[in-house]
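# Structure at a glance
Listed below, chain by chain, are the residues.
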Amino acid sequence: MSFAEEAKSDVPTLPGTHSGIPTYLLEKARKAKEGIFEGRTKPQNERQKLPVVPQGIERDEFLKALAELKSQLGDEHIEINDKPLRDGWYMEHPNTHDSMTILDEEEFVASAIVYPGSTEEVQQIVHWANKHRVPIFPISMGRNLGYGGAAPRVRGSVTVDLGKRMNKILDINPEDYTCLVEPGVSFYALYEALKEKGLEEHMWIDTPDLGGGSVIGNTVDRGVGYTPYGDHWAMHSGLEVVLPMGEVIRTGMGALPGNNTWQAFPYGFGPYSDGIFSQSNYGIVTKMGMTLMPNPGGYEAFMYTFAKDEDLEQLMEIIRPLRISNILENVAQVRHVTQSLAAIGQPRTRFYSGTGPVPQEVIHAAAAQTPLGDHSWAYYGMAYGPSHIRAHKLALIDQEFKRIPGARRIDPATLPEDEYFWARERVARGVPDIHELRWVNWAPNGAHIAFSPVSPIRGRDAMKLFALGKRIHEQYGIDFFPAFCVGLREMHLIVEIVFDRADAEQKARALGCLRDLVDQAAREGYGEYRTHLVLMDQVAGTYSWNDGALMKFNERLKDALDPNGILAPGRCGIWPKRYRGRGWEMTRESGGQSEGDGVESA
Ligand code: ADP
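Residue positions within a chain follow its written sequence, with the count starting from 1. This being a predicted model, a pLDDT of at least 70 is required before a residue's local features are given, and a value of 80 or more before pairs of side-chain atoms are given or counted; all residues contribute to the totals for chains, interfaces and linings. The side-chain quantities take in all heavy atoms of the structure and omit both hydrogens and water.

Per an unreviewed UniProt entry, the chain goes by the name FAD-binding PCMH-type domain-containing protein and belongs to Achaetomium macrosporum.

Right, here's the structure in full:
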C-alpha cells in the first residue's frame with residue numbers, strides 16, 4: 001500500500017478486525033488518523049537482503065527452518081518480513097518493528113511473524129524454536145507504544161503474534177465479576193462484549209488511557225488504568241502459560257482439575273508463580289483471568305487546577321493521606337500544563353517557532369486561552385458511589401485542595417465536549433477512549449518514549465523528580481511533559497519525551513536525555529516501573545543491590561526454564577546464557593547498536 005493509500009484507507013473496526021476500533025469511537029479515530037498523517041513527512045524505507053537473519057543460525061538453514069514451520073502451521077500463518085517497513089499509526093500498527101523507533105528502524109526488527117491459532121500451536125512454535133535455536137518474541141496486540149511497540153529486542157527474532165487468531169473472550173461471569181481472555185482481546189473488545197451482553201452497566205473494565213492494547217499484554221507488562229482497579233497485575237487471577245521448553249501450566253486454582261475458582265482466587269497452593277511471568281521472558285501467556293469492577297452505583301468526575309509549579313509539594317502532601325484512606329479512590333493524574341497544552345493535538349510550532357523547550361511564559365499565555373484557563377498543574381479525579389457518599393468525599397477533597405492558595409475547582413459543565421477532561425472521565429468509569437494519542441502531534445512524525453520512575457507520594461520527592469526532570473530536559477533542549485499517576489502508596493511519574501522519528505539529531509538527543517534521567521534518578525533512589533526495549537539493560541542495571549543479586553537470580557531462573565535461550569532474549573535485561581558476555585546489553589556506550597557479537601553455538 002502506498003503512503004497516500006494508507007493515509008486514505010478507513011480505520012478498521014471491531015468486530016471485523018480483532019484490533020479494530022469500536023464504532024462509537026470511529027469518527028474520533030478517523031480525525032486522529034487525519035491529524036497524524038498530516039504531520040507525516042517520513043518516507044517509507046527501502047530494504048535489501050531480507051529477511052534479517054538472527055545471529056546463531058546460517059541464512060539457508062534459517063530459511064529451511066521457516067519453510068518447516070510453514071508446513072506445520074500452514075503457509076498463510078507465517079509472514080516473512082521482507083517488505084518496506086510501514087509505520088502505520090495507533091489503530092493500524094505494524095507487528096514487524098518499533099514504529100516509534102529511537103534507533104535506526106532496522107535495529108529492533110523481526111525476521112518473520114507467526115500467527116498461532118491455539119495453545120497447542122504455541123507449543124509447536126516453541127518446540128520449533130528450540131530445535132533450530134531461533135529467538136522468538138511473543139506479543140499479544142503489539143501496541144506497547146512508547147515501550148517498543150511490537151518489536152523484538154533481538155534483531156531478526158521471529159515474532160509470535162498471538163492476538164490475530166487467539167482473540168476469544170472465553171468467559172464473562174457476571175456473578176463473580178470476572179472474565180477469562182485470550183491474548184488478542186483488547187480493552188475495546190472487552191467493553192464491546194459487555195455491551196453486547198447488556199452488562200456494561202453491571203460491571204466495569206479498567207482501561208488504560210488508550211483502549212487498543214491487549215488486556216493480557218498490558219497486564220503482563222504491569223500497565224495501569226484509572227478506576228479503583230487500576231493496578232492490572234494485582235487484579236488478574238490465573239494464567240495459562242506455555243513455558244520455553246513447550247510444557248503448558250495453569251497457575252493458581254487452574255492447577256486443580258475441575259476447579260471452579262480459577263478467576264476468583266489467584267494463589268492456589270504452593271509458591272505464587274504468576275509473578276515470574278510479568279516483565280520477564282519466562283513464558284508465553286495464552287489465557288488470563290481478570291476481575292471486573294461492580295458498578296459502584298454512581299460516579300462524578302472532578303478536576304482542580306493549581307497555579308504554580310511549586311504547589312506540587314503541598315498538593316502531594318494533601319493527596320497522600322486522602323489516597324491511602326481511599327477518599328481519593330482512583331489512580332488519578334496530576335498533569336503539568338505543558339502536556340495539557342500538547343493534548344490539544346496541535347504541533348508545537350503553533351505555539352512557538354524557536355528551538356529548545358517552549359518558554360513557560362508562552363505555555364502559560366496559551367493555557368490562559370483554553371477552557372481550563374492558566375494553571376501549572378491539573379488534578380483529574382473521580383468520586384464513586386451513590387450521591388450522598390460522593391458528596392461526603394467531595395466536600396472533604398474540596399476543603400483539603402482549597403488549602404492551596406489559587407486552587408480552583410473547574411465546573412465540568414463549563415467544559416466543551418471534546419475537552420480532555422471528558423476523556424479522563426470516560427476512562428475513570430471504564431469506557432475506553434482514543435483521546436490520549438493527541439499529544440504525539442507535538443512533533444512531526446511524532447514518536448514517544450516514557451521515563452517512568454516510582455516515587456513515594458510525598459511533596460519533597462515530587463519536587464525533587466520535577467526539578468531533576470526539568471533540568472535534564474533543559475540541558476537537552478526538550479519539552480518536559482510530567483504527569484504523576486497516583487497509586488495507593490506510591491506514584492509513577494510518567495514523562496513522555498516526544499520526538500520526530502525522522503530526525504536523527506532529535507532521536508540522539510531524546511535518547512541521551514532518557515539515559516541521563518534513568519541514571520540520575522536511580523542515584524536519588526528512584527527506579528523505573530517499566531521501560532522501553534532500548535533502556536531495559538540500563539534500568540535492570542539500576543536494580544543492583546547486593547552485587548546484582550536479583551539479576552543473578554533472574555538469570556538462574558532463565559537458564560533453568562529456557563536452556564536454549566530462545567524466548568525473548570534480553571527482554572527486561574534478562575539475557576540467557578547463550579548471549580551473556582558477548583556485548584548484547586545496550587548502554588550509553590553501545591550507542592545505537594542493539595546487537596552483540598554472536599551467540600554460543602548449539
Ligand atoms: P499491548 O498491545 O497490550 O500494549 P503488547 O502485546 O505489545 O501489549 O505486549 C507488551 C509486551 O508484553 C510485549 O512486548 C511482550 O514482551 C510482552 N507480552 C505480551 N503478550 C505476552 C504474552 N501473551 N506472553 C508473554 N509475554 C507477552
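We now examine the sheet that holds strand E2 (residues 112-114). Here, strands pair whenever DSSP counts at least two bridges between them. Counting from the N terminus, the helices are DSSP H or I runs at least four residues long and the strands are E runs at least two residues long. Read across the open sheet, the 4 strands follow the order E1-E2-E4-E3; overall the sheet is mixed. Each having just a single partner strand, strand E1 (78-80) and strand E3 (136-139) make up the two edges of the open sheet. Taken pair by pair, the neighbouring strands of this sheet meet at an average axis angle of 20°, ignoring direction. Pairing of E3 with strand E4 (residues 158-161), which is carried by 4 bridges, proceeds in the parallel orientation. Its bridge partner being in E4, proline 138 is matched across the sheet by valine 160. Any two residues having at least one pair of non-hydrogen atoms within 4.5 Å are treated as being in contact. Every axis corresponds to a line fitted to the C-alpha atoms, with the helix fit spanning only the stretch in contact, and the corresponding angles, defined between N-to-C directions, vary from 0 to 180 degrees. Of the strands in this sheet, E2, E3 and E4 are in contact with helix H4 (residues 119-132), which crosses E3 at around 155°.

Next up on the list: the UniProt feature "domain: FAD-binding PCMH-type" (unreviewed entry) in the chain. UniProt positions are given in the numbering used here, feature names are shortened, and annotations may be inferred rather than shown by experiment. In the numbering adopted here, UniProt assigns the feature "domain: FAD-binding PCMH-type" (unreviewed entry) to residues 106-295. Secondary structure across residues 106-295 comprises 18% helix and 22% strand; the distance between its end C-alpha atoms is 47 Å.

Time to look at the packing of aromatic side chains. Here a ring pair, both rings aromatic, is described through the centre-centre distance and the interplanar angle of the planes. When the centres of two rings from Phe, Tyr and Trp lie within 6.5 Å, Trp using its six-membered ring, the rings pair. Their planes under 30 degrees apart give stacked, over 60 give edge-to-face, and anything left gives tilted. If you walk through the whole model with that rule in mind, you get 20 aromatic pairs. When the centroid spacing of 5.7 Å and the interplanar angle of 65° are considered together, the rings of tyrosine 24 and tyrosine 191 count as edge-to-face. Residue tyrosine 24 is located in the loop between helix H1 (3-8) and helix H2 (26-38), and its partner tyrosine 191 is located in helix H5 (residues 187-196); the two are separated by 167 residues in the primary sequence. Whether a residue is buried, partly exposed or exposed follows from its accessible area with a 1.4 Å probe, protein chains only, as a fraction of its type maximum: under 20%, in between, or over 50%, in that order. For tyrosine 24, a relative accessible area of 33% translates into the label partly exposed.

What follows covers the environment of aspartate 562. Considering the arrangement of structural elements, one finds aspartate 562 in the segment after helix H16 (545-561). Overall, aspartate 562 belongs to the buried group, its relative accessible area being 0%. Each C-alpha atom, one on aspartate 562 and one on glycine 246, is 9.8 Å from the other, the two residues being 316 residues apart in sequence. Sequence-distant contacts of aspartate 562, that is, excluding residues within four places in its chain, are made with Pro244 and Leu567.

For this text, the term disulfide refers to a pair of cysteine sulfurs within 2.5 Å. Considering all chains together, one arrives at 0 disulfides under this definition. Note on cysteine 572: no disulfide assigned, nearest cysteine sulfur contributed by cysteine 485 at a separation of 19 Å.

Moving on: the site of the ligand. Close contacts around the ligand come from 20 residues, with Ser140, Met141, Arg143, Ser214 and Val285 the closest. In the environment of the ligand, a nitrogen atom lies 2.7 Å from a nitrogen or oxygen atom belonging to the side chain of serine 140. Within 3.5 Å is the distance limit for a polar contact, defined as a pair of N or O atoms, with the added protein rule that one can donate a hydrogen and the other accept it, and that residues adjacent in sequence qualify only through two side-chain atoms. The contact in question runs from an oxygen atom of the ligand to an N or O atom on the backbone of arginine 143, over 2.7 Å. Note that accessible areas follow from Shrake-Rupley with a 1.4 Å probe, and for residues the cover is restricted to the protein chains shown. Contact with the protein chains covers 96% of the free accessible surface of the ligand, which is 550 Å². At the level of secondary structure, the elements contributing two or more residues to the shell around the ligand comprise E3, helix H6 (215-220) and strand E10 (284-291). Proximity is defined per residue: if any heavy atom of the residue lies within 4 Å of a molecule or strand, that residue is considered near it.

Moving on to a nonpolar patch on the surface. Candidates for patches are residues over 30% relative accessible area with no salt bridge; among them, like charges are joined within 9 Å and nonpolar side chains (Val, Leu, Ile, Met, Phe, Trp, Tyr) within 5 Å. For this document, the term salt bridge refers to a Lys or Arg side-chain nitrogen within 4 Å of an Asp or Glu carboxyl oxygen. A contiguous nonpolar patch, built from Phe265, Tyr267 and Tyr272 and spanning about 300 Å² of accessible area, is present on the exposed surface. Checked against the element boundaries, tyrosine 267 lands in the loop between strand E9 (248-250) and E10. For tyrosine 267, a relative accessible area of 46% puts it in the partly exposed group.

Next up on the list: H16. One less than the residue count of a helix, multiplied by 1.5 Å, gives the span that helix is expected to have. Spanning 17 residues, H16 covers 24 Å between terminal C-alpha atoms, matching the ideal 24 Å at 1.5 Å per step. Across the chain, bend at a residue is computed as the angle between axes fitted to the seven residues ending at that point and the seven starting from it. Remark: the principal bend of H16, roughly 30°, maps to lysine 552. What H16 keeps buried is the set Gly548, Met551, Asn554 and Lys558. The inward-facing, buried residues of H16 abut helix H15 (536-542).

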